[in-house]
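Below, each chain spelled out in residue letters.
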Amino acid sequence: MALPDSGATCLSPPVHYVICKLGFEKTDTYEINNLLAENGEVCWQAVTEHVCYLESGESVDFIKSIRSLGPVCESVHLHFTSLTKEQFEIQYALWFHWTNCTELFLEVFDVLQRMQATEVALGLMKLTSCLERALGDVYLLIGKDCPFLLRDLLISEQLAIIFGQAVMNVLRVFIGSPHGLNLRNVLWHGFASPQEIPAKYCAMLLFLTAGLGQLLQKYLLKTRCVLVHRPYVIFVCLEELDVFPDLNLETISIAEELIKVSSFVLKTMLPFWMAALTAFRERRYADCVILLLPQLEAGLRLLFTTTNKCPNRLLTAEPFALYTTFDEMLAKHLDKEVVNQLPAVLEEPAMASEFLWDFLNHQEGPRLRDRLSHGELNLEAFPREVANQIVAFAITLLCRFSDEDMVAFKEHMVIKTLMSCASCYRARFHPISRLKKQVLECMKSIGLWPELPAVPEEHAQMIKGLEGNAEASTLILMIHEIISQFQQYMPQNCYSSDDPVNSILTERLLTALCDTPICTLYSPRPVLEAVVVLRKITTQCHQVSEQVTASTELRSRQWMDKTLRSRQRHNYLRMLNSTKFLSAVLQLILMLITLELVNIHLVCKKNPSDYQQYLKFLKSVLQYTENLVTYTSPEKNKWDETMELTYKALIKIRKTSDSKLMLMQLAT
């Protein structure tokens with residue numbers, strides 16, 4: 001599928017004027033000595049006096065301010081290009097320490113010397129993300145919850161107290177306000193091409209960052225505060241992000257050819273694409289992803305505006321309008337409940353929508369764009385595995401949206417492998433997917449109970465005696481009755497009427513059910529509400545399992561060491577007896593959760609009365625599991641109460657299944 005030519009720019013005429021022309025209208029010249037004191041400090045008054053205000057005297061007049069600051073930026077840029085690397089380090093390196101990214105700012109200086117447009121744009125994206133993170137650290141000197149958005153951070157009272165309101169207004173001219181240059185957003189959202197970002201604005205932000213470091217040092221000396229840097233986010237369980245095979249140099253070479261012919265690539269953005277693949281070759285994985293994510297957004301925006309017949313939204317929105325960004329492109333509806341056509345055009349929703357939701361949006365996913373653009377990741381330690389997935393995904397889109405005569409590329413074995421992986425993709429970080437993972441992990445924990453230390457031989461008879469009491473028999477009977485009701489919904493070879501809670505069969509059953517495809521894209525609110533409760537139930541069950549395991553191992557050692565008192569020995573035996581039935585109950589709950597999950601879409605079909613009753617039932621099960629966590633904790637160790645509690649819970653579960661409130665009954 002080919003897309004139409006996107007034109008020469010993605011900046012709307014007013015935004016293009018503000019960024020590319022407004023700051024060049026005044027031709028005044030400023031000596032750098034007017035901006036720098038003899039001791040090397042930034043003369044902030046000489047900078048802040050160029051910020052203009054509306055007649056009210058409080059709100060910044062961004063248009064006049066950009067025009068007035070233009071020559072100042074030019075002077076700073078000329079100053080930096082006149083310095084050697086050694087001179088720059090001697091004069092400025094110290095003032096970047098507060099950012100915790102000194103090397104990055106020195107790298108930006110090198111970029112300004114080379115004057116390569118794509119490098120300048122990349123340097124500016126990295127600079128703004130690092131600066132935002134550092135400003136957040138400063139905010140926390142006197143504030144509590146750091147604002148998530150840069151624009152809210154820059155207008156905060158806390159930063160105005162530390163740096164001064166006039167200084168913060170200077171920053172807002174360049175970043176953080178949609179009324180100003182808004183350099184961060186137009187780059188990170190893929191609106192600006194490399195040639196549309198004047199290098200002097202990058203130089204000015206470098207200069208301002210050093211000046212902020214000087215102001216901060218004075219504040220810290222005065223208040224005797226210590227600036228603490230928040231730790232970086234670290235990706236754990238990288239194997240969960242493993243979708244596509246490892247890319248070799250041959251694949252990257254094919255991708256470079258695809259970039260030149262794919263209609264998914266906006267021609268003005270081609271330098272970004274090529275630079276991203278170069279970065280991957282050079283093992284600069286953070287740079288690769290930083291360059292690529294905005295271009296994926298730009299390409300999808302072209303597809304979005306084409307399929308939804310709104311070509312005007314390809315351009316940068318005005319300050320009072322909404323940007324067409326990933327969030328909106330991945331939404332189910334446009335304005336006024338009009339259905340978004342993008343997922344349908346992608347044919348395989350999992351190929352793009354689910355992947356993008358997983359890697360960018362879902363709270364338990366890597367949230368790559370947010371974490372990179374807000375400076376939450378250590379760029380030097382960015383994992384190859386993550387970059388590999390983004391590049392591979394990008395290649396599948398390049399291939400999907402290319403002319404039909406590109407058959408030679410599409411038939412290449414490495415491309416066919418990537419396309420196959422994309423077509424088989426299932427959501428991994430959607431709440432439903434996380435619930436599946438929780439259920440299997442919980443069952444794995446329970447499945448280890450038979451391997452726990454055995455009952456001492458001399459007391460085996462006592463335990464058998466306990467098994468034979470009426471309470472235990474009733475529990476077993478109820479469990480069998482409940483499970484038998486759902487036998488018809490269970491896959492074959494996963495259930496035995498002779499031993500309905502066999503842990504091996506249960507694990508096989510849960511695995512089979514969790515492998516059942518479930519539509520997660522655009523899950524309705526009732527479904528998500530139910531999943532929240534089901535996840536809490538599973539979490540509590542897992543906690544019970546971990547506590548039982550720890551208590552059994554501890555009591556077994558104490559038994560062997562003969563350090564248990566008489567009452568503790570009796571309680572230990574009661575625990576061993578109770579855990580056999582408790583294992584069956586927990587397995588039953590996991591079965592019901594998974595059966596519910598497979599038919600979770602039926603939640604939406606309930607009338608409000610039934611839905612509330614259903615939710616109430618789930619919350620009662622949650623209450624039971626929460627009480628179990630308390631009773632089975634090492635501090636409480638109340639096994640008689642556990643059995644009594646379990647008996648009452650099973651009665652409620654059986655009653656609920658009999659009254660056809662369960663989703664499985666509604667399915668029929």
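Quick caveat: nothing in here was measured; it's all calculated off a predicted structure.

Colleague: How do you make sense of the overall build of the protein when you look at a structure like this?
Modeller: Secondary structure summary: the protein contains 31 helices and zero strands in total. Oriented by its inertia axes, the alpha-carbon framework of the protein measures out at about 95 × 65 × 50 Å. Put simply, the protein has 668 residues, and 56% of those count as buried. The long-range fraction of contacts in the protein, counting pairs at least 24 apart against all pairs at least 6 apart in sequence, stands at 76%.

Colleague: Got a minute to help me understand the packing of helix α7 (residues 117–139) against helix α12 (residues 199–223) in this structure?
Modeller: Packed helix pairs are characterised by how far apart their axes lie and by the angle those axes make with each other. One can describe the packing of α7 onto α12 by two numbers: an axis separation of 10 Å at closest approach and a directional angle of 20°. Classified by the angle their axes make, α7 and α12 are roughly parallel. α12 is crossed by α7, and the crossing has left-handed handedness. Counted together, V120, L124, L127, T128, L131, L135 and V138 of α7 and A199, C202, L205, L206, T209, L212 and L216 of α12 form the full contact between these two elements. Residues of the contact of α7 with α12, tallied by class, amount to twelve nonpolar, two polar and no charged.

Colleague: Looking at this model, I keep getting lost on the domain arrangement of the protein. Mind explaining?
Modeller: For the protein, the assigned domains are domain 1 (13–223), domain 2 (238–424) and domain 3 (431–666). Opposite the ten residues of domain 2 that make contact, domain 3 presents six residues. Both faces considered, domain 2 and domain 3 share a buried interface measuring about 740 Å² in area, 50% of it formed by carbon and sulfur atoms. Of all residues in domain 2, E240, E354 and E364 bury the most surface against domain 3, accounting for 56% of the area lost on that side. Here domain 2 is connected to domain 3 by three salt bridges. The partner of E240 in a salt bridge is R434, and the shortest N-O contact between them spans 2.7 Å. At the surface where domain 2 touches domain 3, the tally comes to five residue pairs in polar contact (both at pLDDT 80 or more).

Colleague: What exactly am I supposed to notice about the pattern of salt bridges here?
Modeller: Between side chains of opposite charge, pairing is possible as soon as their charged atoms come close. Scanning all chains against the criterion turns up 27 salt bridges. Across the salt bridge formed by E107 and K126, the nearest N and O atoms sit 2.7 Å from each other. A residue pair is termed long-range when its members are at least 10 positions apart, and E107 in helix α6 (residues 102–114) and K126 in helix α7 qualify at 19 residues. For K126, a relative accessible area of 5% translates into the label buried. Salt-bridge contacts for D137 lead to R230; the nearest nitrogen and oxygen are separated by 2.6 Å. With D137 in helix α7 and R230 in the loop between α12 and α13 (249–261), the pair connects residues that are 93 residues apart, well separated along the chain. On the basis of relative accessible area, R230 is assigned to the partly exposed category, the value being 25%.

Colleague: Teacher, can you tell me more about the environment of C514 here?
Modeller: Take C514: it is sitting in helix α26 (residues 503–514). Taking C-alpha positions, C514 is 9.9 Å from I432, a pair spaced 82 residues apart along the chain. Not counting residues up to four positions away in its chain, the partners in contact with C514 are K436, L440 and T594.

Colleague: Before we go on, may I ask you to explain the side chain of D358 in this structure?
Modeller: Relative to the elements of secondary structure, D358 occurs in helix α18 (residues 349–361). No salt bridge is formed by the buried D358, whose closest oppositely charged neighbour, R428, lies at an N-O distance of 5.6 Å.

Colleague: Teacher, can you tell me more about the packing of aromatic side chains here?
Modeller: Describing an aromatic ring pair means giving the distance of the ring centres and the angle of the ring planes. Tallying each qualifying case throughout the model produces 19 aromatic pairs. Stacked on the ring of F24, the Lys or Arg K200 has its end atom at 3.7 Å from the ring centre. Just above the ring of F401 sits the side chain of R400; from NZ or CZ to the centre is 4.9 Å.

Colleague: Sorry if this is basic, but what is going on with the nonpolar core here?
Modeller: Soluble globular proteins: nonpolar side chains tend toward being buried together. The biggest cluster of nonpolar side chains holds 158 residues, and the ones touching the most others in it are F80, F163, F174 and F382. Considering every element that reaches this core, the biggest residue donor is α12, with 15 residues. Looking at which domains feed residues into this core, each of domain 1 (13–223) and domain 2 (238–424) gives three or more. Each residue touching F163, except ones within four places of it in the same chain, is listed here: L135, V138, M168, L212, L215 and L216. Listed in part, the 66 residues of the second largest apolar core include F486, V533, I593 and M643.

Colleague: Can you help me understand the environment of F280 in this one?
Modeller: The residue F280 is located in helix α14 (residues 270–281) in this model. F280 gets classed as buried once you look at its relative accessible area, which sits at 4%. Ignoring sequence-local partners within four residues, the contact set of F280 consists of L247, I252, Y285, C288, R384, A387, N388 and V391.

Colleague: Even after reading the chapter, I still don't get the UniProt feature "domain: DUF4209" (unreviewed entry) in the protein, so can you show me in this structure?
Modeller: Taken from the UniProt record, the annotation "domain: DUF4209" (unreviewed entry) applies to residues 131–211. Structurally, residues 131–211 comprises 62% helix and 0% strand, and the distance from its first C-alpha atom to its last is 12 Å.

Colleague: Sorry if this is basic, but what is going on with helix α29 (residues 608–631) here?
Modeller: Each α-helix turn comprises 3.6 residues. Residues three or four places apart therefore point the same way. With 24 residues, α29 extends 35 Å from end C-alpha to end C-alpha; this agrees with the ideal 34 Å at 1.5 Å per step. When α29 is considered as a whole, its buried residues turn out to be Y611, Y614, L615, F617, L618, V621, L622, Y624, T625, L628 and V629.

Colleague: How do you make sense of the environment of L181 when you look at a structure like this?
Modeller: Among the secondary structure elements, L181 is positioned in the loop between α10 (165–174) and α11 (183–188). When the C-alpha positions of L181 and G23 are compared, they lie 9.6 Å apart, and in sequence the two are 158 residues distant. Contact partners of L181, with chain neighbours within four places excluded, come to V18, I19, I66, V173, F174 and Y201.

Colleague: Which parts of the structure should I look at to understand a negative patch on the surface?
Modeller: Judged by side-chain charge, E86, E89, E103 and E380 come together as a negatively charged surface patch. The topology assignment puts E103 in helix α6. By relative accessible area, E103 is classed as exposed at 60%.

Colleague: Quick question: what am I supposed to make of the confidence of the model for the protein here?
Modeller: Should pLDDT be low for a region, the predicted coordinates there are not to be read in detail. Per-residue pLDDT for the protein averages 88, and the proportion of residues at 70 or more is 90%. pLDDT under 50 marks residues 663–668. Its contacts with residues more than four places away, or in other chains, come to 22 contacts.

Colleague: What is the right way to look at the packing of α14 against helix α20 (residues 384–400) in this model?
Modeller: Interaxial distance between α14 and α20 falls to 11 Å at its minimum, and their mutual angle equals 145°. Handedness of the crossing formed by α14 with α20: left-handed. In this structure, α14 contributes W273, L277 and F280 to the contact, and α20 contributes R384, A387, N388, V391, A394 and L398. A breakdown of the residues in the contact of α14 with α20 according to their chemical character gives seven nonpolar, one polar and one charged.

Colleague: Whenever I open this one, the side chain of T305 confuses me. Can you help?
Modeller: By the element assignment, T305 lies in helix α15 (residues 285–307). Those residues in contact with T305 that lie beyond four places of it in its chain are C310, P311, R313 and L314.

Each value, and the rule that gives it
Residues numbered from 1 in each chain as written. Predicted model: local features only at pLDDT ≥ 70, side-chain atom pairs only at ≥ 80, totals over all residues. Heavy atoms only, no water. Helix = DSSP H or I, 4+ residues; strand = E, 2+ residues; numbered from the N terminus. Buried < 20%, exposed > 50% of the residue type's maximum accessible area, 1.4 Å probe, protein only. Contact = heavy atoms within 4.5 Å. Axes fitted to C-alpha atoms, helices over the stretch in contact; angles between N-to-C directions. Parallel < 35°, antiparallel > 145°, perpendicular 65-115°, else oblique. Left-handed = near helix turned anticlockwise from the far one by under 90°. Nonpolar A, V, L, I, M, F, W, Y, C, P; charged D, E, K, R; others polar. Domains from an automatic or database assignment. Buried area = accessible area lost by both parts, 1.4 Å probe. Salt bridge = Lys/Arg side-chain N within 4 Å of Asp/Glu carboxyl O. Polar contact = N/O pair within 3.5 Å; in protein donor to acceptor, adjacent residues only side chain to side chain. Lys, Arg positive; Asp, Glu negative; His and termini not counted. Phe/Tyr/Trp six-rings, centres within 6.5 Å; stacked < 30°, edge-to-face > 60°. Lys NZ or Arg CZ within 6 Å of the ring centre and 35° of its normal. Core = buried A, V, L, I, M, F, W, Y, C linked by side-chain atoms within 4.5 Å. UniProt positions renumbered as here; feature names shortened; annotations may be inferred. Expected span 1.5 Å × (residues − 1). Patch = residues over 30% accessible without salt bridge, like charges linked within 9 Å, V, L, I, M, F, W, Y side chains within 5 Å. Areas by Shrake-Rupley, 256 points an atom, 1.4 Å probe, with all protein chains shown as cover. Charge placed at Lys NZ, Arg CZ, Asp CG, Glu CD. pLDDT = per-residue confidence, 0-100.

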